[in-house]
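Per-entry structural report
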Amino acid sequence: MALIDSVPMLMSLQPNERMKLSDALELRYHKRGECIVSEGDPSNGMYFVVDGVVGVFVTRGAGKGARVNRIGKGGYFGELSLITGSNRNASVYAECPVKLAFLDAGAFERMLGPCMEIMKRNIQNYTAQLAAVFGSEHD
């Protein structure tokens, strides 16, 4: 429950929704440098950062990906592909030992309806981050 209380987006959930979400979360641990999700893979859920920091990397064309974001405690990732129904748009690596809470796709759809609008608004932030790193598609 402490994790749920620390994520601003989840504060809109009712107490019974928070309890159900808490029960559905699965803790996962990753070592520094470990790949958590890979760009292009199908989405199977989303992650909340309980402790540590992850780096988000995107590849455009050939070459090594560019880091477009860092996410620390209380942040989340993986929701974009769940919202859009697309494959993963980025790779995420542990920048240090990390503790994550994983929410599978089925539970995401059942439980996070009240948060969906907030997540959809954040899609604009992702687009702006990609444009800052890679330039617009018209460059």
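Residues numbered from 1 in each chain as written. Predicted model: local features only at pLDDT ≥ 70, side-chain atom pairs only at ≥ 80, totals over all residues. Heavy atoms only, no water.

- As recorded in an unreviewed UniProt entry, the protein goes by cAMP-dependent protein kinase type II regulatory subunit-like and comes from Sipha flava.
- One UniProt comment on the protein, placed under Sequence similarities (unreviewed entry), says "Belongs to the cAMP-dependent kinase regulatory chain family." (UniProt positions renumbered as here; feature names shortened; annotations may be inferred.)

**Focus on the nonpolar core**
- Membership of the largest hydrophobic core comes to 16 residues, with the highest contact counts inside it found for Ile36, Tyr47, Val54, Phe77, Val92 and Leu100.
- Elements that contribute at least two residues to this core include exactly β2 (35-37), β3 (45-51), β4 (54-58), β5 (66-71), β7 (91-94) and β8 (98-104).
- Excluding residues that lie within four positions of it along the chain, Val54 makes contacts with Ile36, Val49, Asn69, Arg70, Ile71, Phe77, Val92, Tyr93, Ala94, Glu95, Val98 and Leu100.
- Core analysis: the next-biggest nonpolar cluster, separate from the first, contains 14 residues, Val50, Leu82, Ala101 and Ala105 among them. (Core = buried A, V, L, I, M, F, W, Y, C linked by side-chain atoms within 4.5 Å. Buried < 20%, exposed > 50% of the residue type's maximum accessible area, 1.4 Å probe, protein only. Helix = DSSP H or I, 4+ residues; strand = E, 2+ residues; numbered from the N terminus. Contact = heavy atoms within 4.5 Å.)

**Things to note about the sheet that holds β8**
- Strand order in this open sheet of four strands is β1-β8-β3-β6, and the pairing throughout is antiparallel. The two strands at the open ends of the sheet, each matched to only one other strand, are β1 (26-30) and β6 (76-77).
- Inspection of the sheet shows β1 paired to β8 by five bridges, in the antiparallel sense. Looking across to β8, one finds that Tyr29 is bridged to Lys99. (Pairing = 2+ DSSP bridges.)

**Let's talk about the sheet that holds β4**
- The four strands lie next to each other as β2-β7-β4-β5, forming an open sheet whose pairing is antiparallel. A single partner strand is all that each edge strand has here, and the edge strands are β2 and β5. Looking at each pair of strands side by side, their axes are set apart by 30 degrees on average, direction ignored. (Axes fitted to C-alpha atoms, helices over the stretch in contact; angles between N-to-C directions.)

**Side note on the environment of Gly72**
- Tracing the backbone shows Gly72 in the loop between β5 and β6.
- On the basis of relative accessible area, Gly72 is assigned to the partly exposed category, the value being 26%.
- Separated by 23 residues in the primary sequence, Gly72 and Val49 place their C-alpha atoms 6.1 Å from one another.
- The residues contacting Gly72, other than those within four sequence positions of it, are Val49, Gly52 and Val53.

**What to know about the environment of Gly33**
- Note that Gly33 resides in the loop between β1 and β2.
- Counting along the chain gives 63 residues from Gly33 to Cys96, while the straight-line C-alpha distance between them is 7.1 Å.
- Filtering out sequence-adjacent residues up to four positions away, Gly33 remains in contact with Tyr93 and Ala94.

**Describing the side chain of Arg88**
- Residue placement: Arg88 occurs in the loop between α3 (79-84) and β7.
- Although buried, Arg88 forms no salt bridge, and the nearest oppositely charged side chain, Asp41, lies 6.8 Å from it.
- Of note is the side chain of Arg88, whose polar atom sits 3.1 Å from the side chain of Asn44.
- From its side chain, Arg88 meets the backbone oxygen of Gly45 in a polar contact 2.9 Å long. (Lys, Arg positive; Asp, Glu negative; His and termini not counted. Salt bridge = Lys/Arg side-chain N within 4 Å of Asp/Glu carboxyl O. Polar contact = N/O pair within 3.5 Å; in protein donor to acceptor, adjacent residues only side chain to side chain.)

**Considerations on the environment of Glu39**
- You can see Glu39 is positioned in the loop between β2 and β3.
- Sequence spacing of Glu39 and Ser91 is 52 residues, and the spatial spacing of their C-alpha atoms is 4.6 Å.
- Setting aside its immediate chain neighbours within four residues, Glu39 contacts Phe57, Val58, Thr59, Arg88, Asn89, Ala90 and Ser91.
- Within the local environment of Glu39, its side chain forms a polar contact with the backbone nitrogen of Thr59, the two atoms lying 2.9 Å apart.

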